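Examining the three-dimensional arrangement
Chain by chain, the residues:
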Amino acid sequence: MNTKKISLVVYALLLLALIAAPFFGAYPVFVMKLMCFALFAAAFNLLLGFTGLLSFGHAAFLGGSAYVAGHAIKVWGLTPELGLLAGTITGALLGWLFGVLAIRRTGIYFAMITLALAQMMFFVALQAKFTGGEDGLQGVPRGKLFGLIDLSNDLTMYYVALVVVVAAFLLIVRTIHSPFGQVLKGIKENEPRALSLGYDVSRFKLLAFVISAALSGLAGSLKTLVLGFATLSDVHWTASGQVILMTLVGGLGTLSGPLVGSAVVVLLENKIGELGNFLARITTVDWFNTLGESVTMVTGLIFVICVLAFRKGIMGEIIAFIDRRKGSAGKSH
């Protein structure tokens, strides 16, 4: 089997696992939260992994859209689908604004401008009345999808969230494999050559930024709908750092990498306390009981290990290993 067929089989198995997960004891709300972060990481990877633009401000799109979607559903009384649409449009508009201001800069200057703009968004969220300030926007109802499907049931919400995330992921896959996606890869590999071929590089970068921001906004909106609240942590710079970590751990520039990276990071953040207690029991070392309070240290350690031992990320290394095996098998024949 070639790599493409293997990928299709793996994605099919993953989809089947997600469909069956609630029936095998998985907590639907936790898996939905994981799916939202997976979409956020996949959207970010479209920008960094396939276009070569490092944004430190993606939390603005996740958090800003989360607040707008939550407010639209709770205060304006919009239906869930319109709330998600409002959040996605908000993400796209913020992406366009950020992009117009930053896209002509490169490298660290681009990253710092996006970070500065995102911090401005954080202070707006902190001071604005409709966001709830430090208390956050709470009590967002799930409502009824299209006025018919009651989302208050976790299982119903789970499958709606799964459909939304899968559809968004397929859009990312289609974008990457389209002629537009090939141009983005060309810009990442050799921007001067793309310019010499007559491509308007800035326009392509801006469009990629807007698409990535819109999908990040969809992830934030869906997260608010699932959990029923939006908080300052969604728009804080640490959320931008978290999505970078997810992408690098999973494998930069791979479609499956952000999915794996987000699963690793979210599972660690939520289950590290249980893991520490288990290690304390089997080793009788009391220090392991404090792991739950040291999430940042553990994730930082994992990031260092990945940078040193898995330069291409988890999925990047696996794909490289499969390619090497194929290459050696081809030479032997």
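Bear in mind that the values here come from a model prediction, so they are computed numbers and not experimental data.

Each helix and strand in the chain was counted, giving 13 helices and two strands. Against the 2.2 N^0.38 benchmark of 20 Å for 333 residues, the chain shows a C-alpha radius of gyration of 20 Å, consistent with a compact globule. Taken along its principal axes, the extent of the C-alpha atoms in the chain is 65 × 60 × 40 Å. Counting only residues that meet the buried cut, the chain has 47% of its 333 residues in that class. Within the chain, residue pairs in contact and separated by at least 24 positions form 75% of the contacts whose partners lie at least 6 positions apart. A total of about 16700 Å² of accessible surface is found on the chain, and carbon and sulfur atoms cover 68% of it.

Within this structure, the stated rule accounts for four salt bridges. For Glu-191, the salt bridge identified is with Lys-205, shortest N-O distance 3.0 Å. Separated by 14 residues along the polypeptide, Glu-191 in helix H8 (residues 191-196) and Lys-205 in helix H9 (residues 201-227) bring together distant segments of the chain. We classify Lys-205 as buried; its relative accessible area is 4%. Among the ionic pairs, Arg-203 bridges to Asp-200, the shortest N-O distance being 3.9 Å.

Position of Gln-138 relative to the elements: it lies in the loop between helix H5 (107-127) and strand E1 (144-145). Taking relative accessible area as the criterion, Gln-138 reaches 47% and is therefore assigned partly exposed. Put simply, Gln-138 and Gly-228 are 90 residues apart on the chain and 6.4 Å apart in space, counted from C-alpha to C-alpha. Sequence-distant contacts of Gln-138, defined by excluding residues within four places in its chain, comprise Lys-74, Gly-228 and Phe-229. A polar contact of 2.6 Å, which involves the side chain of Gln-138, links it to the backbone oxygen of Asp-135.

Two elements in contact, helix H6 (residues 154-177) and H9, have axes separated by 11 Å at closest approach and are oriented at 175 degrees. The angle between H6 and H9 places the two elements in the roughly antiparallel class. From H6, Met-157, Ala-161, Val-164, Val-165, Ala-168, Leu-171 and Ile-172 reach across to H9, where they touch Leu-215, Leu-218, Leu-222, Leu-225 and Val-226. By residue class, the composition of the contact of H6 with H9 is twelve nonpolar, no polar and no charged.

What follows is about the packing of aromatic side chains. Each pair of aromatic rings is reported with the distance of its centres and the angle of its planes. The final tally for this structure, using the stated rule, is eight aromatic pairs. Between Phe-180 and Phe-204, the aromatic rings sit 5.6 Å apart at their centres with planes inclined by 20 degrees, giving stacked as the arrangement. With Phe-180 in helix H7 (residues 179-189) and Phe-204 in helix H9, this pair connects stretches of sequence that are 24 residues apart. The pair formed by Phe-180 and Phe-204 is uniform in burial state, with each residue classed as buried. Through a chain of ring-to-ring contacts, three or more aromatic side chains come together here, namely Phe-61, Phe-98, Phe-110 and Phe-209. Between Arg-203 and the ring centre of Phe-204, over which it is positioned, the NZ or CZ distance is 5.3 Å.

Criteria and cut-off values
By convention here, each chain's residues receive numbers from 1 onward along its written sequence. The predicted nature of this model means local features are confined to residues of pLDDT at least 70 and side-chain atom pairs, given and counted, to a pLDDT of 80 or more, with totals for whole chains, interfaces and linings taken over all residues. Each side-chain value is worked out from all heavy atoms of the structure, with water and hydrogens disregarded. Counting from the N terminus, the helices are DSSP H or I runs at least four residues long and the strands are E runs at least two residues long. The globule rule is 2.2 Å times the number of residues to the power 0.38, and the radius of gyration it is compared with is taken over C-alpha atoms. A simple rule labels every residue: compare its accessible area, found with a 1.4 Å probe on the protein chains alone, to the largest value its type can have, and call it buried under 20%, exposed over 50%, or partly exposed in between. We call two residues contacting when some pair of their heavy atoms lies within 4.5 Å. Surface exposure here means Shrake-Rupley accessible area, sampled with a 1.4 Å probe, where a residue is shielded only by the protein chains that are shown. Should a side-chain nitrogen of Lys or Arg be within 4 Å of a carboxyl oxygen of Asp or Glu, the pair is scored as a salt bridge. For this analysis, a polar contact is any N or O atom pair within 3.5 Å, provided that within protein one partner can donate a hydrogen and the other can accept it, and provided that sequence-adjacent residues contribute only side-chain to side-chain pairs. Only C-alpha atoms enter the line fits that serve as axes; for helices the fit covers just the stretch in contact. Angles between N-to-C directions range over 0 to 180 degrees. In this scheme, roughly parallel covers angles under 35 degrees and roughly antiparallel covers those over 145, while 65 to 115 is roughly perpendicular and the rest are oblique. Any residue that is not Ala, Val, Leu, Ile, Met, Phe, Trp, Tyr, Cys, Pro, Asp, Glu, Lys or Arg is counted as polar, Gly included; the first ten are nonpolar and the last four charged. Here a Phe, Tyr or Trp ring, Trp counted by its six-membered ring, pairs with any other such ring whose centre lies within 6.5 Å, and the pair is stacked when the planes are under 30 degrees apart, edge-to-face when over 60, and tilted otherwise. Lysine NZ or arginine CZ positioned within 6 Å of the ring centre and within 35 degrees of the ring normal marks a charge as sitting over the ring.

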